[in-house]
Amino acid sequence: MLCYYMAFGRMTCKNTTQGGMRITKIAAHDDRVTVRFFAPSPALRRYITTFYSMDINTPSGETVQDWLHPEWGNVRFAGEGAMQSAFGDGELGPTPASVATGPTSMAARFQMAFGRSWGIGLLPAGWAKFVDAPADEYRDHLCDAANDPAFAAFAPLSAQLCGKKGNIEEEAALIEAHMTGLLDRPVEDEDKIIAAHEALIDPDLVTVADLAKRVGVSTRSFERLSLKAFGFSPKLLLRRQRFLRSLAQFMLDPSLSWLSTLDTHYHDQAHFVRDFHRFMTMSPSDYAALDKPAMFAAAKARMALAGEAVQVLHAPR
């Protein structure tokens, strides 16, 4: 695996073995934030994008603030009082020590104090496998994962990860082992969910009818499947994919003009600006001016490990 340095900070990569399991790790650093991404084992890759950790190393306990772009579902473990968050331009509020977030269609602002957090990125098939609730019931919503019955499968990890800062490889191996132990859970319509996901990330498919035809179901059936497993209507998901393909280019190279990042399916820049307001709740220029210490590092580390800069562009494989 290629290891290299970038202008935003330092990136390293490492392959290790922990408890017989091979762990691939990418770490991105700047003066305040270290973001690490771990590749799950092959058996988990149709369900989970990555395991990831973030260490905040600010002087005097200062907080770091950043904006998450729209994502699939995630479960994060940070410790009591470690993180505050809000969707869109809402006021920051306390976040549970173990927090689950459903699929999102808008930016989420977060603020984190000194310490470590862990996260598990769920692909749509992973949501269907590990979460005991339809995705649309949790869209643009967060909950206490330690106490919500829908996330009971993740509860054992809360006590083991929240507020702790141990050996990073051992903690990654703990997550891997726990999630592997859940692989026997049945998934209704798993093959259709995987086929729908693969269709969704194909940039050549631009209509709901195209997606339904690729999966081999009626448009109405595809709409129902989309809400249950993906959280949103197919039309909104296509719009979100188009937007995030463009945003990913900027995250990898912020020196680019917005015009040069536009996905080919945008009619013009005004079309893109409308989508930017819809999904990020601000203008492109306002976003470009923000300090993004965690997300710039995460985009480059994720790209180096998984080949995509943002979570929703991951393939289910």
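Residues numbered from 1 in each chain as written. Predicted model: local features only at pLDDT ≥ 70, side-chain atom pairs only at ≥ 80, totals over all residues. Heavy atoms only, no water.

So, the environment of Asp-89
Checked against the element boundaries, Asp-89 lands in the loop between β8 (83–87) and β9 (93–94). Among the residues examined, Asp-89 registers a relative accessible area of 69% and is labelled exposed. Each C-alpha atom, one on Asp-89 and one on Ala-39, is 32 Å from the other, the two residues being 50 residues apart in sequence. (Helix = DSSP H or I, 4+ residues; strand = E, 2+ residues; numbered from the N terminus. Buried < 20%, exposed > 50% of the residue type's maximum accessible area, 1.4 Å probe, protein only.)

Topic: the packing of helix α5 (residues 208–215) against helix α6 (residues 219–230)
Two packed helices can be described by the angle between their axes and the distance between those axes. The interhelical angle for the contact between α5 and α6, taken along N-to-C directions, is 90 degrees, at an axis separation of 9 Å. Overall, the two elements α5 and α6 adopt an arrangement that is roughly perpendicular. Listed contacts from α6 to Val-208, Ala-209, Leu-211, Ala-212 and Val-215 of α5 are Thr-219, Phe-222 and Glu-223. In the contact of α5 with α6, the residues fall into six nonpolar, one polar and one charged. (Axes fitted to C-alpha atoms, helices over the stretch in contact; angles between N-to-C directions. Parallel < 35°, antiparallel > 145°, perpendicular 65-115°, else oblique. Contact = heavy atoms within 4.5 Å. Nonpolar A, V, L, I, M, F, W, Y, C, P; charged D, E, K, R; others polar.)

Observations regarding the confidence of the model for the protein
Predicted confidence across the protein gives a mean pLDDT of 88, with 90% of residues reaching 70 or more. Taken element by element, the predicted model of the protein shows its lowest mean pLDDT in strand β1 (residues 5–6) (28) and its highest in helix α1 (residues 124–130) (98). Across residues 19–24, confidence stays below pLDDT 50; counting only partners more than four residues off in sequence or on other chains, it has 21 contacts. (pLDDT = per-residue confidence, 0-100.)

Points about the nonpolar core
Counting residues in hydrophobic clusters, the biggest one holds 98 residues, and the most contacted among them are Ile-120, Phe-151, Phe-154, Met-179, Leu-247 and Tyr-287. Broken down by element, this core gets its largest block of residues, nine residues, from helix α7 (residues 234–252). In contact with Ile-120, not counting residues within four places along its chain, are Ile-48, Thr-50, Phe-51, Tyr-52, Gly-73, Asn-74, Val-75, Phe-77, Phe-154, Leu-157, Ile-175 and Met-179. (Core = buried A, V, L, I, M, F, W, Y, C linked by side-chain atoms within 4.5 Å.)

Looking at the packing of α7 against helix α11 (residues 293–306)
Packing of α7 against α11 brings their axes to within 9 Å, and their N-to-C directions diverge by 100 degrees. Compared by their axis directions, α7 and α11 come out roughly perpendicular. On the side of α7, the interface is formed by Phe-250, Met-251 and Leu-252, while α11 contributes Met-295, Phe-296, Ala-299, Lys-300 and Met-303. Residues of the contact of α7 with α11, tallied by class, amount to seven nonpolar, no polar and one charged.

Let's talk about the pairing of strand β11 (residues 108–112)
Of all five residues that make up β11, five are buried, and the element is covered over most of its length. The alternating pattern of β11 places Ala-108, Phe-110 and Met-112 and Arg-109 and Gln-111 on opposite faces, both of which are buried. Relative to β11, strand β6 (residues 64–68) runs antiparallel, the two sharing five bridges. When the bridges of β11 are listed, Val-64 appears paired with Met-112. Across five bridges, the pairing between β8 and β11 is antiparallel. For Gln-84, the partnering residue across the bridge sits in β11 and is Gln-111. (Pairing = 2+ DSSP bridges.)

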